[in-house]
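# Coordinates in review
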Amino acid sequence: MAHQNSQGIQTLLEAEKEAAKIVQKARQYRVQRLKDARTEAAKEIEELKAQRNTDFQEFEAEHAGNSDQSFAKLNAETDAKLAAIQTAFDNNKNAVMEKLLAAVTTVEPKVHTNVKVPE
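Naming follows an unreviewed UniProt entry, where the protein appears as V-type proton ATPase subunit G of Glomus cerebriforme. Listed under Sequence similarities (unreviewed entry) in UniProt, the entry text for the protein is "Belongs to the V-ATPase G subunit family." Quoted verbatim from the Subunit (unreviewed entry) field of the UniProt record, the comment on the protein reads "V-ATPase is a heteromultimeric enzyme made up of two complexes: the ATP-hydrolytic V1 complex and the proton translocation V0 complex."

Printed below as a string of structure tokens:
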């Protein structure tokens, strides 16, 4: 009888060791799956970062080119307006000078409206 109890205990101990091995394998499997998930998530994050960076570079290049074109167009318009102003100045310079000289040199003596003439 003692032999059977001893053999039953031995069987239980072996079953317990086997269960511990199974639990340990399950833990290792879970840990490995977590590591794999982290690695895959990091890889996806890097891919997303690279994609967003590429999109940003394209956006920046597209809009930077537009600002250069706008700047060149604005400069051309400014130069054209300055040329028109210079031409108007050259055409009207003599007439304005004559009018100013005529206004300064022509004197018409008048009595001011506030002056009271003694009677």
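### A word on the overall build of the protein
Helix and strand counts for the protein stand at 1 helix and 0 strands. Taking 2.2 N^0.38 as the reference for a compact globule, 119 residues should give roughly 14 Å; the C-alpha atoms of the protein span a radius of gyration of 49 Å, well beyond that estimate. Oriented by its inertia axes, the alpha-carbon framework of the protein measures out at about 160 × 45 × 10 Å. Out of the 119 residues belonging to the protein, those deemed buried represent 0%. For the protein, the exposed area adds up to about 11,700 Å²; of that, 58% sits on carbon and sulfur atoms. On the protein, the mean spot of the 17 positive side-chain charges and the mean spot of the 19 negative ones are 10 Å from each other.

### Focus on a negative patch on the surface
A contiguous patch of negative charge, built from Asp 36, Glu 40, Glu 44 and Glu 47, is present on the exposed surface. By relative accessible area, which is 45% here, Glu 40 ends up partly exposed.

Conventions adopted
Residues numbered from 1 in each chain as written. Predicted model: local features only at pLDDT ≥ 70, side-chain atom pairs only at ≥ 80, totals over all residues. Heavy atoms only, no water. UniProt positions renumbered as here; feature names shortened; annotations may be inferred. Helix = DSSP H or I, 4+ residues; strand = E, 2+ residues; numbered from the N terminus. Rg over C-alpha atoms; globule rule 2.2 N^0.38 Å. Buried < 20%, exposed > 50% of the residue type's maximum accessible area, 1.4 Å probe, protein only. Areas by Shrake-Rupley, 256 points an atom, 1.4 Å probe, with all protein chains shown as cover. Lys, Arg positive; Asp, Glu negative; His and termini not counted. Charge placed at Lys NZ, Arg CZ, Asp CG, Glu CD. Patch = residues over 30% accessible without salt bridge, like charges linked within 9 Å, V, L, I, M, F, W, Y side chains within 5 Å. Salt bridge = Lys/Arg side-chain N within 4 Å of Asp/Glu carboxyl O.

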